[in-house]
Amino acid sequence: MFRQSTNRLTVWLFALCLLFPFSKLSSAWRNTATQDKAFSISAVSKASSDSIMPERLTFPDSVALAAPEAAGRSVSSLVAYLKQHLSTDDQLARAIYTWVSRNIKYNVYITYTSRNEEADETKEIQKILSERKGICQDYALLFKALVKEAGMDAYVIDGYNRRDGALLPDPHEWCAAKVSGKWYMFDPTWGAGFVENYQFIPSPNHRFCKLLPDTLLKTHMPFDPMFQFRERPLSYEEFDTGVVDEQRSVPVFYWADTLALYARQDTLERLVSVRQRMLSNGRSNDLVYNMAMDLQGKATDAINEFVRYRNKAFEPLKPDAEIQAMVDVPEELINRADSAINSIRTAPERYREPILKLRDQIMEVATTVYKHKLLLRQYFKLPAKQRKGMFKQTK
């Protein structure tokens, strides 16, 4: 009992020592003018922070800030350390947000990246913890992993943003976590600081920690309407313009039931259902580059699902129609990505290279999808007894 009290006293003393330098940092960044910013993190601008007073640290914050270096070397060790001092979901979620936003440095030289190969989340998370830097995808992935390790449900959400009436040019990722039985939103990237003149300026804050979904929806629009957690989801156009069309006839969306089903679905089933929800949510948003990148990523995930199944020699065996759908879905997704990216006629100079790069990546995925489509044609032409022989040559 005495030992636990001593630990708490040590943590609080450490927190008090941090308050003065944090105030100095806050006043320092308020004296600089806001510049044009190229990355999603920049939405947390100094201009909007001028009126924000330095935040008071809570006990969970102090626990996170006092975490030993060794504790931050893995997800399991960090959560184990936090659980030595904290017990409730609310405390753990707050501490995790604090640790991630304060310990991961934003990598200004890498923008939101599309996926071109099968991702290994465990390796990605370990790399983030090792290098202590990343972009929004990395902040969100690490936050989700830590929250799930702490025993809460969580998802990474991909979408785009609006701030001060203007749509931001880059895709973005943040998180939803079920804290004490209720869904809240967390954006540790926007809670870390901002970018100015291609330099990351740490400005830790909790303005994007444990927000109600409707609150974050003022600035964050998920591509998947389900993650609005609303019975009447906003359309892309309503978010883009900031004007809700009260006359628009919208059936009640039972998001809780949809989310429960989503949790049970495999990767391909999720992609199919996401596609359907996106199509039903009105026209695509004006930032077609964001949409093209998101579609390219989903197409990559879908074809990777087929590749994993093919590498298992189509075991367990599925009906032919189901196997065909494993290629048809990524084909449709990548075709939509191609149409979106080719609809861009003009773009600022700084986006021309990313657009060209994304076009190349879309073509790469399209080629992969087509190769596997041809493989399936050959597979279906063979008698059932001869089909297994194909895998010796195609692995």
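This one's a predicted model, so the numbers in the text were calculated from it and none came from an experiment.

Student: Talk me through the packing of helix α11 (residues 267–279) against helix α12 (residues 288–311); I want residue IDs and the actual numbers.
Tutor: The interhelical angle for the contact between α11 and α12, taken along N-to-C directions, is 150°, at an axis separation of 9 Å. The angle between the axes of α11 and α12 places the two elements in the roughly antiparallel class. Note on packing geometry: the crossing formed by α11 with α12 is left-handed. Counting all contacts with α11, which are made through Thr267, Leu268, Leu271, Val274 and Met278, the residues of α12 involved are Met291, Asp294, Lys298, Asp301, Ala302 and Glu305. Among the residues making up the contact of α11 with α12, the classes are represented as six nonpolar, one polar and four charged.

Student: Outline the nonpolar core, listing residues and values.
Tutor: Counting 104 residues, the largest nonpolar core has Trp99, Leu142, Phe186 and Phe306 as the members making the most contacts within it. Looking at this core, the element that brings in the most residues is α12, giving 10 residues. If near-sequence neighbours (up to four positions away) are discounted, Phe186 is found in contact with Ala93, Tyr97, Phe143, Trp174, Cys175, Ala177, Val179, Phe208, Cys209 and Lys210.

Student: Please give an account of helix α7 (residues 136–149) that cites residues and values.
Tutor: Because an α-helix packs 3.6 residues into every turn, residues spaced three or four apart end up facing the same way. Taking 1.5 Å of rise per residue, the 14 residues of α7 would be expected to cover 20 Å, and the 20 Å separating its terminal C-alpha atoms lies within 8% of that figure. Judged by how many residues are buried, α7 sits mostly within the fold: 12 of 14 residues are covered. Among the residues making up α7, those that are buried are Cys136, Gln137, Asp138, Tyr139, Ala140, Leu141, Leu142, Phe143, Lys144, Ala145, Leu146 and Val147. Gly151, located one to two residues past α7, shows a positive phi value of around 100°.

Student: Outline the environment of Pro204, listing residues and values.
Tutor: Looking at where Pro204 falls in the secondary structure, it is placed in the loop between β8 (199–202) and α8 (213–216). Look at Pro204 and you get buried, because its relative accessible area is 13%. Sequence-wise, Pro204 and Asn103 are 101 residues apart; in three dimensions their C-alpha atoms are separated by 9.9 Å.

Student: Could you give me a rundown of the packing of aromatic side chains, with the residues and numbers involved?
Tutor: Under the counting rule described, the total for this entry stands at 17 aromatic pairs. Between Tyr106 and Phe200, the aromatic rings sit 6.5 Å apart at their centres with planes inclined by 35°, giving tilted as the arrangement. Of this pair, Tyr106 sits in strand β1 (residues 105–106) while Phe200 is found in strand β8, placing the two residues 94 residues apart along the sequence. Comparing Tyr106 with Phe200, the two get one shared label, buried. Between Phe227 and Tyr262, the ring centres sit 5.9 Å apart and the planes meet at 90°, which makes this aromatic pair edge-to-face. You can see Phe227 sitting in the loop between β9 (220–222) and α9 (236–241) and its partner Tyr262 sitting in helix α10 (residues 255–264), a full 35 residues away along the chain.

Student: Explain the pattern of salt bridges residue by residue, including any values.
Tutor: Evaluation of the coordinates by the stated rule reveals 15 salt bridges. Because the salt bridges share partners, they merge into one network encompassing Asp158, Asp294 and Lys298.

The rules we used
- Residues numbered from 1 in each chain as written.
- Predicted model: local features only at pLDDT ≥ 70, side-chain atom pairs only at ≥ 80, totals over all residues.
- Heavy atoms only, no water.
- Axes fitted to C-alpha atoms, helices over the stretch in contact; angles between N-to-C directions.
- Helix = DSSP H or I, 4+ residues; strand = E, 2+ residues; numbered from the N terminus.
- Parallel < 35°, antiparallel > 145°, perpendicular 65-115°, else oblique.
- Left-handed = near helix turned anticlockwise from the far one by under 90°.
- Contact = heavy atoms within 4.5 Å.
- Nonpolar A, V, L, I, M, F, W, Y, C, P; charged D, E, K, R; others polar.
- Core = buried A, V, L, I, M, F, W, Y, C linked by side-chain atoms within 4.5 Å.
- Buried < 20%, exposed > 50% of the residue type's maximum accessible area, 1.4 Å probe, protein only.
- Expected span 1.5 Å × (residues − 1).
- Phe/Tyr/Trp six-rings, centres within 6.5 Å; stacked < 30°, edge-to-face > 60°.
- Salt bridge = Lys/Arg side-chain N within 4 Å of Asp/Glu carboxyl O.

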